[in-house]
Amino acid sequence: MPDSMLPPRTFAERLTRVLAVIVVLATAILLLIGGMVTSFRAGMTDKVWPTEPWYLAVNDQVWKEEHAGFLIEHSHRAMGFIVGALASLLAVTAWFTERKVPWRWAGLVATLLLIVVYGEFHRDMGHAWQTRIAGQGLTWPKGSAIGCALAAVLLLGISVGSWRSGSRWGRLRLLISVGLIAVMIQGLLGGFRVFLDQLLGTELAAIHGTFAQLVFCILVAAMILAGRNDPNREVSAAERSSVGGMSLALPALIVLQLIWGVMVRHTGTPLSQRLHILTAFLVTGLAIWLCVRCLATPEGRKKLGFYAWHLLVVLAVQILLGVEAYMGKFAAAGEHMAMDPKLRPITIMAASIRTAHLLIGTGLLATAVALAVRVWRRGPMENSETSKGLLQ
Amino acid sequence: MQWGGVGLGIAGVGFALVILASPGCGRSPSGYGSDVRYPLRTDPLVIRTPLLPPTGVAAPGRLDESIAAIASNGGTTLDPKTLPPERQTELTAGLVELFGSPASPTVEGYEKTGLDLSPSRLEQGSKVYNSLNCNQCHGLTGDGRGPTGPWVYPYPRDFRTGHFKASKGPSPKPTFDALTTLLRRGVPGSSMQPYDLISDDDVRDATAYTIHLSIRGEVEFRLLKELLDEGDAGDDLAKECRSKLARVLDEWRKAQLPHVNPVPAIADGDPNDEAYREQLRRGYRLFENHDGAGCSSCHQNFGRTEHYQWDVWGTPVRPSNLTVAEYRWGKQPSEIAAHIRFGILAANMPAHPYLSDAKLEALTAFVRELPFPARLPPDVRSQVYPPAR
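Residues numbered from 1 in each chain as written. Chains lettered and ligands numbered in written order. Predicted model: local features only at pLDDT ≥ 70, side-chain atom pairs only at ≥ 80, totals over all residues.

## A look at the packing of helix α3 (residues 85–99) of chain B against helix α7 (residues 200–229) of chain B
Residue and element names in this part refer to chain B.
And then number 1: Here α3 crosses α7 at 155 degrees, and the two axes come no closer than 11 Å. Classified by the interaxial angle, the pair formed by α3 and α7 is roughly antiparallel. For the element pair α3 and α7, the recorded crossing hand is right-handed. Here α3 contributes Arg87, Leu91, Leu95 and Phe99 to the contact with α7, which in turn contributes Arg216, Glu220, Leu223 and Leu227.
And then number 2: Considered class by class, the residues forming the contact of α3 with α7 number five nonpolar, no polar and three charged. (Axes fitted to C-alpha atoms, helices over the stretch in contact; angles between N-to-C directions. Helix = DSSP H or I, 4+ residues; strand = E, 2+ residues; numbered from the N terminus. Parallel < 35°, antiparallel > 145°, perpendicular 65-115°, else oblique. Left-handed = near helix turned anticlockwise from the far one by under 90°. Contact = placed C-beta atoms within 7 Å. Nonpolar A, V, L, I, M, F, W, Y, C, P; charged D, E, K, R; others polar.)

In structure tokens:
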């Protein structure tokens, strides 16, 4: 079907697409800075959470005294606020693509309610910190916490309702709503990693690092689904049966590998090291096998070739970075050889390689997700109000 | 969809393994491996800081380079790496004999201090220190050079000189209670967090282990200084270690005793009370006047001016900005008064032992009210917070 035969996109739909791309790019930057936080072990350079989004702008002393750890950690927080704001804007915009007015307004109200209650919870946690340092003990803001949970459930319910009613872009809106909630949860995980450091710091840091990958997957999937679906590039049933299962297994395996990576970075246990190295072989094997299958047929080369080659290039870079990161962290020589890897001094080069390894790993996951979405996406969503494809 | 099932299976197994592998399940403090040893000090010993004040803090990640540069700026440092290898081996053996290893720390003769530094307490303290990631900033040996250390400012405390700014007495060493209070409260304006959610036992254990690291580091410091600066410390280094340890333990013992010149009890004042306002005026004069306490020579413009000085670790410190209500070492009147009377030796803040109780009370009141313009008398307020022109 020529592109000109597809129904024209509304302004809201075009804006949703643009915002989805911006959110993914901003999240990639956030992941980069988050990786630096761990590489420089700067997660606790500021013990105070929550802080205001404009903290760095108003604390000139931080810049004057070159608090490198503070700058990295607070840049991560600032970028987190930006991603949160962009994800909120995306979620609000996405509801304007709903053509059924009652669902549209219900979705908008639920999204705004969630944003407001989440902000209130953030503010209440600030009070909780103040009472803590005043020596009055820890009091949890249960009211706003319950409010957040209820608002999230409400938004999910309305998103599911809108999707089940057969609305156009219903699944995308659901995915974006899930993405917004995931971004909010991720923000809280990062905050509680600081707030509860003495009780669960390392564990929450590891969960925060792991969950980041899942959030990124959701946002990448939303970005691809928000793009125009060219029916000429739809993968045939035969091709799908050849690579479809593997295309789903690969992101799952990469997520697992990223989890081991997070464990290596945060705990460095021998078990996590072994699992990370062994799973690297599995990911490499499966990715190459999948790419070979994609490139084996003329249809696969035409419709999936770009993704397959992209995957192979990213994989090659990632393997190189992985070797370098391992050498830098565990195979130290000289005076640091006898030291616990966790306690070895950090150099800018080693930290950069580790951070790049993390970011390229996330890129590998994003590519695998994009490939899976391309394989499984059926039918132009613009063409049908009630498409029953696995992915619209 | 067969592979899709495989994918889901992988994800499920992964999460299950994460939960199993996570050290968070049934958390208990995990200690160092038995093969971990305290390494001998390799960073320079700062013997004398330059006369000229520093121009600013060291560049990020370059703490040791900046300390090494002290010698070329008119200060004196000693490089432990220049110690002959056989002496290094001897010294290491002597220290191991007295202080054990990170997994089995000891302080021989600790009973003399009156502090509970028993091996069982220290072993537990070592586990708490490791599991709370204290070593990420303070390092394995308490040198303040953990992986995060060079990337934050104020730099994490290096315990090895035996100096603690939290000391509220004439000794650079604090009481055990002062250290536990510091752990509980944290240090505002720095990366040191308040450990207010862990048990009292954990705090006491971690405090005891911190003292262990400090004693070990100070004995090592004094011996290295003697070996490098004065040529030799005698043939029997093990004996010298014991001799230095006895002196350090005695200093810790004395630091636990009641002060000869304790600070008086100071109550909160009412800014509407004329007598209190007069006390604030007097405090202001003492602050500004060199014949009084002369605080303004370092806390220039009440601390607003950046005026760095050297501390005993060879790092630049900035006298506190007293117009900001951020008290690193305690905000209670008695704590502020203690720091005025006894000074902060590590930061070269002078003691004022001859300041009478009345003057001390006035100065303390002024310092406490300084961040709150509305509580200052109008004439003092106009000096501290001059109207914008």
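Further notes follow.
## Remarks on the confidence of the model for chain A
For residues with low pLDDT, the predicted coordinates do not support detailed interpretation.
And then number 1: Confidence in the prediction of chain A, expressed as mean pLDDT, is 89, and 92% of residues score 70 or more.
And then number 2: Across residues 381–392 of chain A, where pLDDT falls below 50, the model places 27 contacts with residues more than four positions away in sequence or in other chains. (pLDDT = per-residue confidence, 0-100.)

## A closer look at the domain arrangement of chain A
Residues and elements named next belong to chain A.
And then number 1: As far as domains go, chain A holds domain 1 (1–234) and domain 2 (236–376).
And then number 2: One C-alpha centre belongs to domain 1, the other to domain 2; they are set 25 Å apart.
And then number 3: Of all the secondary structure elements, the ones that give two or more residues to the side of domain 1 that touches domain 2 are α1 (11–39) and α8 (197–225).
And then number 4: Here the side of domain 1 that touches domain 2 gets 13 residues from one element, more than from any other, and that element is α8.
And then number 5: Within the side of domain 1 that touches domain 2, the residues separate by chemical class into 13 nonpolar, seven polar and two charged. (Domains from an automatic or database assignment.)

## Remarks on helix α6 (residues 142–164) of chain A
All names here are of chain A.
And then number 1: Compared with an ideal rise of 1.5 Å per residue, which puts 23 residues at 33 Å, α6 spans 33 Å between its outermost C-alpha atoms and is within 8% of the ideal.
And then number 2: Along α6, the positions that sit buried rather than exposed are Cys148, Ala151, Ala152, Leu155, Ile158, Ser159 and Ser162.
And then number 3: In this fold, the buried residues of α6 make contact with α5 (101–133) and α7 (170–195). (Expected span 1.5 Å × (residues − 1). Buried ≥ 20, exposed ≤ 12 C-beta atoms within 10 Å, placed from the backbone.)

## Points about the domain arrangement of chain B
A common way to express how large an interface is: the accessible area buried when the components associate.
Residues and elements named next belong to chain B.
And then number 1: Looking at chain B, the domain boundaries give domain 1 (45–255) and domain 2 (274–384).
And then number 2: Computed over C-alpha atoms only, the centres of domain 1 and domain 2 are separated by 29 Å.
And then number 3: Taken together, the contact pairs 23 residues of domain 1 with 20 residues of domain 2.
And then number 4: Of the residues assigned to the side of domain 1 that touches domain 2, the class counts are 13 nonpolar, seven polar and three charged.

## Focus: the environment of Pro174 of chain B
All names here are of chain B.
And then number 1: Within the element layout of this structure, Pro174 appears in the loop between α5 (135–138) and α6 (176–185).
And then number 2: Its 25 C-beta neighbours within 10 Å are what place Pro174 among the buried residues.
And then number 3: Counting along the chain gives 202 residues from Pro174 to Leu376, while the straight-line C-alpha distance between them is 33 Å.
And then number 4: When residues no more than four places from it in sequence are discounted, the contact partners of Pro174 are Phe164, Ala166, Ser167, Lys168, Leu179 and Ala255.

## Quick notes on unusual backbone geometry
And then number 1: Looking along the chain, the bond that leaves Trp49 of chain A and enters Pro50 of chain A is cis, with omega of 0 degrees.
And then number 2: With respect to the helices and strands, the residue Pro50 of chain A is situated in the loop between α1 and α2 (55–58).
And then number 3: Residue Pro154 of chain B follows Tyr153 of chain B across a cis peptide bond; omega there is 0 degrees.
And then number 4: With respect to the element layout, Pro154 of chain B can be found in the loop between α5 and α6.
And then number 5: In this structure, Asn133 of chain B takes a positive phi of about 60 degrees despite not being glycine.
And then number 6: Within the secondary structure layout, Asn133 of chain B lies in the loop between α4 (119–131) and α5.
And then number 7: Within the chain, Asn301 of chain B stands out as a residue other than glycine whose phi angle is a positive 55 degrees.
And then number 8: By secondary structure assignment, the location of Asn301 of chain B is in the loop between α9 (274–288) and β3 (309–310).
And then number 9: Here Asn301 of chain B falls in the partly exposed class, since 13 other C-beta atoms lie within 10 Å of it.

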